[in-house]
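Take a look at the letters that make up each chain.
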Amino acid sequence: MRNPDQDALLDLGPAALELQDDLEGDTLREECGVFGIYGHPDAAAITALGLHALQHRGQEAAGIVSYDGGRFHSERRLGLVGDTFSRREVIDRLPGTMAVGHVRYSTTGATILRNVQPLFAELNAGGLAVAHNGNLTNGLTLRRELVRNGAMMQSTTDTEVILHLVARSRPSRFIERYIDALREIEGAYALVSLTNKKLVGARDPRGIRPLVLGELDGCPILTSETCALDIIGARFVRDIEPGEVIVFDENGQDIHKPFPPIAPRPCIFEYIYFSRPDSIVHGRSVYEVRKAFGAQLARESHVPVDVVVPVPDSGVPAAVGYSQHSGIPFELGIIRNHYVGRTFIQPTQAIRESGVRMKHSANRAAIEGKRIILIDDSLVRGTTSKKIVRMMRDAGAKEVHFRLASPPILYPDYYGIDLPDRGGLLAATHSLEEMREIIGADSLAFLSIDGMYRAMGEPGRDPANPKFSDHCFTGAYPTHLTDQTQTEQQPRQLSLLAEAS
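Residues numbered from 1 in each chain as written. Predicted model: local features only at pLDDT ≥ 70, side-chain atom pairs only at ≥ 80, totals over all residues. Heavy atoms only, no water.

Q: Before we go on, may I ask you to explain the overall build of the protein chain in this structure?
A: The helix and strand tally for the protein chain stands at 20 helices and 21 strands. The buried share of the protein chain, reckoned over its 501 residues, is 58%. In the form shown here, the protein chain has an accessible surface area of approximately 19,900 Å², with 50% of it arising from carbon and sulfur atoms. (Helix = DSSP H or I, 4+ residues; strand = E, 2+ residues; numbered from the N terminus. Buried < 20%, exposed > 50% of the residue type's maximum accessible area, 1.4 Å probe, protein only. Areas by Shrake-Rupley, 256 points an atom, 1.4 Å probe, with all protein chains shown as cover.)

Okay, structure coming up:
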């Protein structure tokens, strides 16, 4: 599936597209971030600030829906939060004391304006806005059934299925209809929804996607990460429990637990990559966990080197942990350019050859003549890793050893992480030695699965009862994968309409 950024690059020619893949193809794609607040006079402005803190979870689009007691108001735009929601006139168009917001990276459905969330629909009982982090593993199957029964879909995202399921449910009370819809979906979801009376949060029974409850000036907040609470000075209250549905309205708080209790399986990638280092996820500091991953790497696969060098930015905490445990000095041997944009990509051979330097450049003074160990969070295709190793050698590194602060990614994800199929995963198609040769490192090692669990404070991975969703490493998916088992072809791009964005 091609996105509009690639469409724009077509004007620059195939070389630009190849460079785009090289620059971004070896990273995990962010999921999405959600935010909602009830009862605050500055609801939209606070939601915009919260979305700024969640920008790392989705950088393709952002949206806010508010309710002023009589009407819903919606602003949804492609681009970063600051591109739209830093302007006073935009916030003024979102009046009301209730609001929900969303930052998006597309996993199901292309990045087009009609897929930007929160999605909104007029139902029999009134308006409903839904912001969704995650991915439904039976979303395409449900969508096909709904369309066959006469539903008219306005987007190509699986989130719209939830709106239709609520609409067709028959109980009289809204929350019963909402829970009816949740009983039909499978996969991963953290939902924040807004009606003309309620703010509703819901988390999937396995707790794959995170959702936390906060409080600001006596007003409840639901959001993906604690860093969004910190930026607005809100107080963290607790994690929303797996399978919990929580409702806020004029009568206060109401909690529903409609699912039989099952062992939670939160996503391990929240600690490896997705969450901000300053967030607390399920009671654990993300920063401290990443340092622990690095320390465990040093225990498992250390070699004699002169300096420890992180691949910025996601490899920094693990490199700190590796350095502290091994006693090897930590150096910023790679400097990241945070301001590079696609505007500067040109389809020339010279730029293609040095493309990764647009985002990363070598700090020659820190690495020349030295044996270095590079620390990164994970490896997907290996394209960027190969370029970084070459950059280190060009800058004079005597030896370049590569370490990954997570196990080899062997299986695709169906819960909101945009990973390629197995054929596109380097570790799924090559041996460790083959990967080392492709990347060009003197040695290559990954964090072991048991070591990852030990860094999380567990004795190791219990195959009978794993504590986390670690399916990308093990193939042990925590839910049914209905869409993947259908014999009928299930295309991911479901619309024949091309529209301007």
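From this point, things continue past the structure.
Q: Looking at this model, I keep getting lost on the sheet that holds strand E16 (residues 307-310). Mind explaining?
A: Backbone-to-backbone hydrogen bonds join strands into a sheet, with any given pair of strands oriented parallel or antiparallel. Ordered by their spatial adjacency, four strands build an open sheet running E16-E19-E20-E21, and the pairing between neighbours is parallel. Of all the strands in the sheet, just E16 and strand E21 (443-446) have a single pairing partner and so form its edges. Geometrically, the sheet is characterised by an average inter-axis angle of 20° between neighbouring strands, direction not taken into account. Inspection of the sheet shows strand E19 (residues 371-376) paired to strand E20 (residues 399-404) by six bridges, in the parallel sense. Bridged to Ile375 within E20 is Arg403. Against the sheet, helix H17 (residues 432-439) engages E20 and E21, with an angle of about 125° to E21. (Pairing = 2+ DSSP bridges. Axes fitted to C-alpha atoms, helices over the stretch in contact; angles between N-to-C directions. Contact = heavy atoms within 4.5 Å.)

Q: How should the packing of aromatic side chains be read in this particular structure?
A: The relative placement of two aromatic rings is captured by the distance of their centres and the angle of their planes. Tallying each qualifying case throughout the model produces 10 aromatic pairs. Judged by centre distance (5.3 Å) and plane angle (40°), the ring pair of Phe269 and Phe473 falls under tilted. With Phe269 in helix H10 (residues 269-274) and Phe473 in helix H19 (residues 471-474), the pair connects residues that are 204 residues apart, well separated along the chain. Neither Phe269 nor Phe473 differs from the other in exposure class; each is buried. Ring pairs connect the aromatic residues Phe269, Tyr273, Phe274 and Phe473, which therefore count as one cluster. For Arg422, the ring lying beneath its charged end belongs to Tyr411, and the centroid distance is 4.4 Å. (Phe/Tyr/Trp six-rings, centres within 6.5 Å; stacked < 30°, edge-to-face > 60°. Lys NZ or Arg CZ within 6 Å of the ring centre and 35° of its normal.)

Q: Explain the nonpolar core here, please?
A: Generally speaking, soluble globular proteins have nonpolar side chains that are buried together. With 41 residues, the main nonpolar core has Ile268, Phe269, Tyr271 and Phe293 as its most contacted residues. Elements that contribute at least two residues to this core include exactly H10, helix H11 (286-301), helix H12 (316-326), E19, helix H18 (449-455) and H19. Counting residues in each nonpolar core, the second largest holds 29 residues, with Ala151, Val161, Ile179 and Ala202 among its members. (Core = buried A, V, L, I, M, F, W, Y, C linked by side-chain atoms within 4.5 Å.)

Q: Honestly, the packing of helix H7 (residues 159-168) against helix H8 (residues 174-184) in this entry has me stumped. Any pointers?
A: What describes two packed helices is the angle between their axes and the distance between those same axes. Between H7 and H8, the shortest axis-to-axis distance is 8 Å and the interhelical angle comes to 130°. One way to sum up the angle between H7 and H8 is to call them oblique. Viewed along their axes, H7 and H8 form a crossing whose handedness is right-handed. Taking contact as the criterion, the partners of Ile162, Leu165, Val166, Ala167 and Arg168 in H7 are, on H8, Phe174, Arg177, Tyr178, Ala181 and Glu184. The residue makeup of the contact of H7 with H8, split by class, is seven nonpolar, no polar and three charged. (Parallel < 35°, antiparallel > 145°, perpendicular 65-115°, else oblique. Left-handed = near helix turned anticlockwise from the far one by under 90°. Nonpolar A, V, L, I, M, F, W, Y, C, P; charged D, E, K, R; others polar.)

Q: Sorry, what's going on with H7 here?
A: Helical periodicity: at 3.6 residues per turn, an α-helix aligns residues three or four positions apart in one direction. With respect to burial, H7 is a largely interior element, eight of its 10 residues being buried. Of all the positions in H7, only Thr159, Glu160, Val161, Ile162, Leu163, His164, Leu165 and Val166 are classed as buried. If you follow the buried residues of H7, they end up packed against strand E5 (119-123), strand E6 (126-136), helix H6 (139-148), H8 and strand E7 (187-195).

Q: Is there a simple way to think about the sheet that holds strand E4 (residues 98-104) in this case?
A: Read from one edge to the other, the open sheet built from seven strands follows the order E3-E2-E4-E1-E10-E9-E11, with strand pairing classed as antiparallel. The open sheet has two free edges, formed respectively by strand E3 (72-78) and strand E11 (235-239), since each of these has just one partner strand. On average, each strand axis in the sheet is tilted by 15° relative to the strand beside it, whichever way the strands run. Two strands pair when backbone bridges link them, and strand E1 (residues 33-38) and E4 are joined in this way by six bridges, in the antiparallel orientation.

Q: I tried to follow the pairing of E19 on my own but got confused; where do I start?
A: Each regular strand shows side chains that alternate between the opposite faces of the sheet. Within E19, five of the six residues are buried, leaving the element largely enclosed by the surrounding structure. Strand direction decides the pairing type here: E16 and E19, joined by four bridges, are parallel. Its bridge partner lying in E19, Val308 is registered against Ile373. The parallel pair E19 and E20 is bridged by helix H15 (residues 383-394), and the resulting crossover is right-handed. (Right-handed = clockwise from strand over helix to strand, strands pointing away.)

Q: Would you take a moment to explain H15 for this structure?
A: Its 12 residues give H15 an end-to-end C-alpha distance of 17 Å, which sits within 8% of 16 Å, the value for a rise of 1.5 Å per residue. Among all positions in H15, only Thr384, Ser385, Lys387, Ile388, Val389, Met391 and Met392 are buried. Residue Gly396 follows H15 closely and has a positive phi angle near 100°. (Expected span 1.5 Å × (residues − 1).)

Q: Would you mind going over the confidence of the model for the protein chain with me for this structure?
A: When pLDDT drops low, the exact placement of atoms in the prediction is not to be read closely. Looking at the protein chain as a whole, the pLDDT averages 89, with 86% of positions reaching at least 70. Across residues 1-25 the pLDDT falls below 50, and counting only partners more than four positions away or on other chains, this stretch makes 46 contacts in the model. Every residue in residues 342-349 scores below 50 in pLDDT, and together they form 17 contacts with partners more than four places removed in sequence or on other chains. (pLDDT = per-residue confidence, 0-100.)

Q: Would you take a moment to explain the pattern of salt bridges for this structure?
A: For side chains of opposite charge, pairing can occur when their charged atoms come near one another. Summed over the entire model, instances satisfying the criterion amount to 24 salt bridges. Where Glu145 meets Arg168, a salt bridge forms, and the shortest distance between an N and an O atom there is 3.4 Å. Of this pair, Glu145 sits in helix H6 while Arg168 sits in helix H7, and the two are 23 residues apart along the sequence. By relative accessible area, which is 31% here, Arg168 ends up partly exposed. Across the pair Arg183 and Asp180 runs a salt bridge whose closest N-O atoms are separated by 3.7 Å. Separated by three residues within a single helix, Arg183 and Asp180 lie in helix H8, roughly one turn from each other. Connected via shared salt-bridge partners are Arg57, Arg209, Glu225 and Glu270. (Salt bridge = Lys/Arg side-chain N within 4 Å of Asp/Glu carboxyl O.)

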